[in-house]
Amino acid sequence: MLSLLESLCLSRKIIAIGECGFDFFTPDYKASAREQEIVFNEELSLAKKYNLPLVLHLRKSIEKIFTYSKELKKLPAVVFHSFPGTLREAESLKNHGVNAYFSFGKPILNGKKSAIDCLKNLPLENILLETDAPYQTLKGESETFPQDIKRVYEKACQLRNMSLEEFSEALYRNFLAAYSVRTFTASL
């Protein structure tokens, strides 16, 4: 599988490596920590070799990523998918020199205090939003849909006390910067 990933890097068919990282959410996942670390080191190596951003998945493992801060700061960007940490942890990653982007989704609609605190207090240029469809459901939902991003944006705008237009433009610039994308056309 890593040879396929490297061939995609070589042919410039991808703009980032990931979603990768560590998931210790269940005992079975935690039992595979060594295997996760081996694969993560390979993916990190490819990201460094091809100067690509890394998209991180961290569940019940935020502390693990700090052991990699020296390596992460060598990357053009690190996107923390559905950032699970605190404001202090986010600021610490930035203080370690990591060009970090912190992405938030439906947990801000569920009232997750750490996500709301980060969203309200991190510099705007370090924020991204997502849905993680079909996951990250609200209470009473069976799945999340991509169009739920509108509710995430509305809540984030409320928390930042910004207009949807101003906030959307800022996050679009963040996306372009994080992924070193020069032009991007999307059909909405």
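In what follows, the structure referred to is the one given above.
Undergrad: What am I meant to see in the pattern of salt bridges here?
TA: If charged atoms from side chains of opposite charge come close, those side chains can pair. Taken as a whole, this structure holds 11 salt bridges when the rule is applied. Between R59 and D23 there is a salt bridge; the shortest N-O distance is 3.0 Å. In this pair, R59 is assigned in strand β2 (residues 54–59) and D23 in strand β1 (residues 17–23), connecting sequence segments 36 residues apart. Judged by relative accessible area, R59 falls into the partly exposed class, the value being 31%. Since its relative accessible area comes to 11%, D23 is described here as buried. Here K48 and E71 are joined by a salt bridge, their closest N and O atoms 2.2 Å apart. Taken together, the residues K48 in helix α3 (residues 33–49) and E71 in helix α5 (residues 69–72) connect sequence positions 23 residues apart. The network of salt bridges with shared partners includes K106, E141, D148 and R151.

Undergrad: I tried to follow the packing of aromatic side chains on my own but got confused; where do I start?
TA: Within the structure shown, the criterion is met by 10 aromatic pairs. Ring geometry for F22 against F24: centres 6.1 Å apart, planes inclined by 50 degrees, an arrangement best described as tilted. Overall, F24 belongs to the buried group, its relative accessible area being 11%. Between Y153 and F167, the ring centres sit 6.0 Å apart and the planes meet at 80 degrees, which makes this aromatic pair edge-to-face. You can see Y153 sitting in helix α8 (residues 149–160) and its partner F167 sitting in helix α9 (residues 164–178), a full 14 residues away along the chain. The pair formed by Y153 and F167 is uniform in burial state, with each residue classed as buried.

What counts, and at which threshold
Residues numbered from 1 in each chain as written. Predicted model: local features only at pLDDT ≥ 70, side-chain atom pairs only at ≥ 80, totals over all residues. Heavy atoms only, no water. Salt bridge = Lys/Arg side-chain N within 4 Å of Asp/Glu carboxyl O. Helix = DSSP H or I, 4+ residues; strand = E, 2+ residues; numbered from the N terminus. Buried < 20%, exposed > 50% of the residue type's maximum accessible area, 1.4 Å probe, protein only. Phe/Tyr/Trp six-rings, centres within 6.5 Å; stacked < 30°, edge-to-face > 60°.

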